[in-house]
There are 2 protein chains.
Amino acid sequence: NATAKAALGRATWKLIHTMTLRYPESPTADERDALNSYFHLLSRLYPCGECATEFQQLLKKFPPQTSSRRAASLWLCFVHNQVNERLKKPTFDCAHLDDEYDCGC
Amino acid sequence: NATAKAALGRATWKLIHTMTLRYPESPTADERDALNSYFHLLSRLYPCGECATEFQQLLKKFPPQTSSRRAASLWLCFVHNQVNERLKKPTFDCAHLDDEYDCGC
Ligand SMILES: Cc1cc2nc3c(=O)[nH]c(=O)nc-3n(C[C@H](O)[C@H](O)[C@H](O)COP(=O)(O)OP(=O)(O)OC[C@H]3O[C@@H](n4cnc5c(N)ncnc54)[C@H](O)[C@@H]3O)c2cc1C
Ligand SMILES: Cc1cc2nc3c(=O)[nH]c(=O)nc-3n(C[C@H](O)[C@H](O)[C@H](O)COP(=O)(O)OP(=O)(O)OC[C@H]3O[C@@H](n4cnc5c(N)ncnc54)[C@H](O)[C@@H]3O)c2cc1C
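Everything quoted here is computed from the prediction, not taken from an experiment.

Conventions used here
Residues numbered from 1 in each chain as written. Chains lettered and ligands numbered in written order. Predicted model: local features only at pLDDT ≥ 70, side-chain atom pairs only at ≥ 80, totals over all residues. Heavy atoms only, no water. Contact = heavy atoms within 4.5 Å. Buried area = accessible area lost by both parts, 1.4 Å probe. Salt bridge = Lys/Arg side-chain N within 4 Å of Asp/Glu carboxyl O. Polar contact = N/O pair within 3.5 Å; in protein donor to acceptor, adjacent residues only side chain to side chain. Helix = DSSP H or I, 4+ residues; strand = E, 2+ residues; numbered from the N terminus. Least-squares fit on C-alpha atoms with pLDDT ≥ 70 in both. Near = heavy atom within 4 Å. Areas by Shrake-Rupley, 256 points an atom, 1.4 Å probe, with all protein chains shown as cover. Nonpolar A, V, L, I, M, F, W, Y, C, P; charged D, E, K, R; others polar.

This part is about the interface of chain A and chain B. If you look at the interface, chain A gives 31 residues, while chain B gives 31 residues. Carbon and sulfur atoms make up 73% of the surface buried where chain A meets chain B, a total of about 2500 Å² over both sides. Per-residue buried area on chain A facing chain B is highest for A:Leu15, A:Leu45 and A:Pro47; these three make up 23% of the total on that side. In this assembly, chain A and chain B are joined by two salt bridges. Of the charged contacts in the structure, one is a salt bridge between B:Arg44 and A:Asp30, with a shortest N-O distance of 3.3 Å. Counting every contact that joins chain A to chain B gives three residue pairs in polar contact (both at pLDDT 80 or more). For the side of chain A that touches chain B, the elements supplying multiple residues, two or more each, are helix 1 (2–22) and helix 2 (29–45) of chain A.

Here you go:
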């Protein structure tokens, strides 16, 4: 069921991009650990087996960047573009991240 | 911006309900740890401060149940209903979880 898989993907990207864009500008060591662990656990628990395997490989090749909000959000934009490329989707311009994701919080 | 906050909530519930419904029927100790940690990290990193605080309190009061797919998915359904109650939304009948969440995987 490709429609359900795509809807799950869209929901997940929305959550994690918004999360990196609200991540602290100057995170503590503890906050850096939390974000790094979060992405590794998500890649294990992600409920689409093929996507989870792919995501784990991406994390190995491109480990989460957690030193600042900017680093984390640009890293995730890059990783999402890697997935886009594999799925033959257009590349997203990471300069437009802030306009796209607003958590309303 | 209430619309953005609601859309973020919907996306997050979709991911995590689908996740618990794909969680192993008989998880290993390591898989149980992973799910438990995932929820605690999500409650710290969730990009709506008021919601994150609320979620952390719920996790303290009702710790994640990780012993099986059924336990985990019913626990999350219960927790979501606690949030529904606070927000004056209708209670969801947890018997319909399987019909509602299909990851297409
Ligand atoms: C970790 C992960 C791994 C996945 N692996 C697979 C897989 O192996 N196979 C598979 O079929 N599907 C996979 N998916 C799902 C896939 O990435 C898409 O979510 C799905 O195909 C729906 O695509 P979409 O065109 O609606 O846009 P999505 O890729 O879901 O993106 C949603 C929106 O985000 C914005 N966006 C696009 N690119 C970026 C970017 N680089 N940075 C920020 N915002 C951006 C755009 O506005 C876009 O409409 C995966 C999803 C996730 C979260
Ligand atoms: C952890 C967390 C904490 C939140 N805290 C707050 C907060 O403090 N304040 C705030 O304003 N918003 C909060 N939100 C957002 C809020 O829960 C809703 O997501 C948002 O208001 C949109 O509501 P909705 O009516 O579209 O349905 P949602 O509650 O988003 O539910 C989406 C869909 O899931 C199904 N569903 C409903 N209940 C259940 C259930 N018990 N089990 C399984 N499926 C169900 C229904 O089909 C529903 O349409 C939180 C979200 C999350 C993920």
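Next, the rest of the story.
Another point: the relation of the copies chain A and chain B. Note: a rotation about an axis with an accompanying shift along it relates these two copies of the chain. Rotating chain A by 180° and translating it 0.0 Å along the rotation axis places it on chain B, where the RMSD comes to 0.0 Å. This pairing of chains is accounted for by a two-fold axis. Within chain A, A:Ala11 has its C-alpha nearest the rotation axis, a separation of 2.2 Å. Of the residues that chain A buries at the interface, 100% are likewise interface residues in chain B, meaning the two copies contact each other through the same surface.

Residues and elements named next belong to chain A. With respect to spatial proximity, 23 residues lie near ligand 1, and among them Arg10, His80, Arg86, Glu100 and Tyr101 are the closest. At a separation of 2.6 Å, an oxygen atom of ligand 1 approaches a polar side-chain atom of arginine 10. Taking glutamate 100, its side chain carries an N or O atom lying 2.5 Å from an oxygen atom of ligand 1. Burial of ligand 1 by the protein chains amounts to 84% of its free accessible area of 950 Å². Those elements that provide at least two residues to the shell around ligand 1 are helix 1, helix 3 (49–61), helix 4 (69–86) and helix 5 (97–100). Here the residues of the shell around ligand 1 are counted per class, giving 11 nonpolar, six polar and six charged.

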